[in-house]
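This is what each chain is made of:
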Amino acid sequence: MLAFVLAFILITVLVGLVIYARWHYGTLEKLGIPMVGKPFLIFGNTIDAYSKAGGALDIERFNKFGPIYGVYEGRHPQIHICDAELIRLVTTKDSEYFNDKRRLDFRDPLLNEMPDFQAYEKWKVVRNFLTPAFSSAKIKLMMGSMVVTLQRFCDHLKSEVVSSPGQKMEKFNLHGEYFSMITDLISRCCFSIEIENPSDPQNLFVNIVRGLLSPDNVGYPMLEVLTYSFPILQKIAPGMMNAKLSNDFGEIFSEMMAARKKSGENKRDIIDLCLEQMDKLDTPEYKRLNITKRTIICQALVFFFAGQDQMSSIASCMINNMLKNPEVEKKVYQELDQFLKKHNGKIDYENISELQYLFACITETVRLVPFFSRTERVCTKDWENKEFDLKIKEGMTMIIPIWAANRNPKYFPNPEKFDPERFMPKNKDKLHPYALTSFGHGPRNCIGQRFSNETMVLLSAFVLKQFKFHLRSDSEPAYVPAGPFFSPHTPFYFDVTLR
Ligand code: HEM
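For clarity, every value in this text was computed on a predicted model and none was experimentally measured.

1. Topic: the overall build of the protein chain
Each helix and strand counted, the protein chain has 18 helices and nine strands in total. Computed over its C-alpha atoms, the radius of gyration of the protein chain comes to 24 Å, within 12% of the 23 Å expected for a compact globule of 499 residues. Based on the C-alpha atoms only, the size of the protein chain along its principal axes is roughly 85 × 55 × 45 Å. When each of the 499 residues of the protein chain is scored for burial, the buried share is 40%.

What follows is the structure, given as structure tokens:
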């Protein structure tokens, strides 16, 4: 009898769990949205979320199902959108209906404070305190330190090339070197600290950020997929990222803030910005929104975490794209040489906007291979639209699959082709302003877009001024599965000579 009762309870619990996981199945079909397939058992359509690179999976789906399609991520209905006009409505024009993102639980109290994933009211305050860090005046101020970092990087590379056999340095990991150099650059520009040797394997900041972003640290994928069906598991499943590393960052940054406070200096950098915020922790507003010391430290981490791998990956992939298209390479060097002649060899913040073709090459790489695979908006008020025949219910998630949306042939003919001309000023009017989605759009877009673009153009100009890169059989990055948000890649290499 006991066995029967136990079996009955077990079956009831299991059936209850299955009903819970499948509760929303059917809602997208009722809206008439093309589905990527039937939801599988309790996993929805995301059983392959960790077996394919996020960007590649989305491109496959877009090619098969068109610009609007439905996906159940576990139990959550999601509408994926690759139409620029619809992206404009959701992110910008009707953003009051879509002003949230999901609360992701990284099982890491520091990473849980990332601005992207805060509820609207808290996000607004955090965004407001981050915004001044990206003003034109601040970026201009940072560029002075950047030039110093870039010169040091190029001098070091030059000495390595010169001392290589036949003055040709083989198997150079440009992405890895850019990554370390950008750590140095951000440390100088945003935190006013100098890293003795950014390539030093013991370098704490480099190791922390590299460790947090490394696919090796993205663990327990199957458990993560289960959290999509049973969000409660987020409370007990081990974290996807290495919490020790973010904790180390928190400790170092706390010490840096304490030292700055003690010194009484004001360097108008991110440490000072964070100190100003620390003074507000006891205000009723910060208390109500649960803005704590952790929230503030996390915003400092964002400077490394949000942009570092993206910038180093995109700037190094740009070189790969350029080399595979010799006519593009020729034009890049021609433009750069004319520019250098005009400015007596000097590259700085004031004049880099003249390097329009180089900027177009960076943007075309940002289009094809951004590090982020997806961004999203959660519907906060029922929304209806006749043009797209859509009725979106509060709580549904609109996903922008960045890699796929950036390949919509309606806006980018021959989408796989690396064609920087698309982004030249003369073609600007032909481009839908919401077709390129790599930095997101609207009030919750990427706050670091200008900073990243200017940094990537500046560092490319510095490097191309002195060096020539050569393709090898291992110059092609391979994109690896790492969950729905990131598309990291394997290391890739070039040979380097002096120009
Ligand atoms: C090539 C480089 C970069 C790319 C492709 C990129 C891309 C993105 C994307 C797609 C989003 C989400 C936007 C949306 O949902 O509409 C985002 C948000 C964000 N990015 Fe970037 N990013 C880059 C560099 C940076 C840098 C260098 C920083 C800071 C130093 C930064 C800071 C942020 C922050 C703070 C957010 C959250 C904004 C908010 O929620 O208000 N990003 N980024």
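Text resumes after the structure shown.
2. Notes on the pairing of strand β7 (residues 397–401)
With five of five residues buried, β7 lies mostly within the body of the structure. Residues of β7 alternate between two faces, with Thr397, Ile399 and Pro401 on one and Met398 and Ile400 on the opposite face, all of them buried. Bridge count between strand β2 (residues 76–81) and β7: three bridges; the pairing is parallel. Of the residues in β7, the one forming a bridge with glutamine 78 is threonine 397. Examined bridge by bridge, strand β4 (residues 374–378) and β7 share five bridges and lie antiparallel to one another. Residue pairing in the sheet places glutamate 376 in a bridge with isoleucine 399 of β7.

3. Some remarks on the UniProt feature "binding site: heme" (unreviewed entry) in the protein chain
Sites flagged by UniProt as "binding site: heme" (unreviewed entry) map to Cys446. When you line up the elements, cysteine 446 lands in the loop between α17 (402–405) and α18 (449–466). Not counting chain neighbours up to four residues away, the residues in contact with cysteine 446 comprise Phe439 and Gly440.

4. Quick notes on the site of the ligand
In the region of the ligand, 28 residues are neighbours, and Gly307, Thr375, Gly440, Cys446 and Gly448 sit closest. Mapped by element, the contributors of at least two residues to the shell around the ligand are α5 (120–130), α13 (293–305), α14 (308–324) and α18. Looking at the shell around the ligand residue by residue, the class counts come to 15 nonpolar, ten polar and three charged.

5. Some remarks on the sheet that holds strand β9 (residues 494–498)
Across the sheet, which stays open at both edges, the three strands sit in the order β3-β9-β8 with antiparallel pairing between neighbours. Edge positions in the open sheet fall to β3 (168–172) and β8 (467–470), since each of these has one partner strand only. In this sheet, adjacent strand axes meet at a mean angle of 25° when their direction is disregarded. In this structure, β8 lies alongside β9, joined through four bridges in antiparallel fashion. Paired with histidine 470 across the bridge in β9 is aspartate 495.

6. What to know about the packing of helix α15 (residues 326–342) against α18
Orientation of α15 relative to α18, taken along the N-to-C sense of each, is 90°, at an axis distance of 10 Å. With respect to their mutual orientation, α15 and α18 come out roughly perpendicular. Contacts between α15 and α18 involve Val332, Tyr333, Leu336 and Leu340 on the former and, on the latter, Ala461, Leu464 and Lys465. Broken down by class, the residue content of the contact of α15 with α18 amounts to six nonpolar, no polar and one charged.

Reading guide: rules and limits
Residues numbered from 1 in each chain as written. Predicted model: local features only at pLDDT ≥ 70, side-chain atom pairs only at ≥ 80, totals over all residues. Helix = DSSP H or I, 4+ residues; strand = E, 2+ residues; numbered from the N terminus. Rg over C-alpha atoms; globule rule 2.2 N^0.38 Å. Buried ≥ 20, exposed ≤ 12 C-beta atoms within 10 Å, placed from the backbone. Pairing = 2+ DSSP bridges. UniProt positions renumbered as here; feature names shortened; annotations may be inferred. Contact = placed C-beta atoms within 7 Å. Near = placed C-beta within 6 Å. Nonpolar A, V, L, I, M, F, W, Y, C, P; charged D, E, K, R; others polar. Axes fitted to C-alpha atoms, helices over the stretch in contact; angles between N-to-C directions. Parallel < 35°, antiparallel > 145°, perpendicular 65-115°, else oblique.

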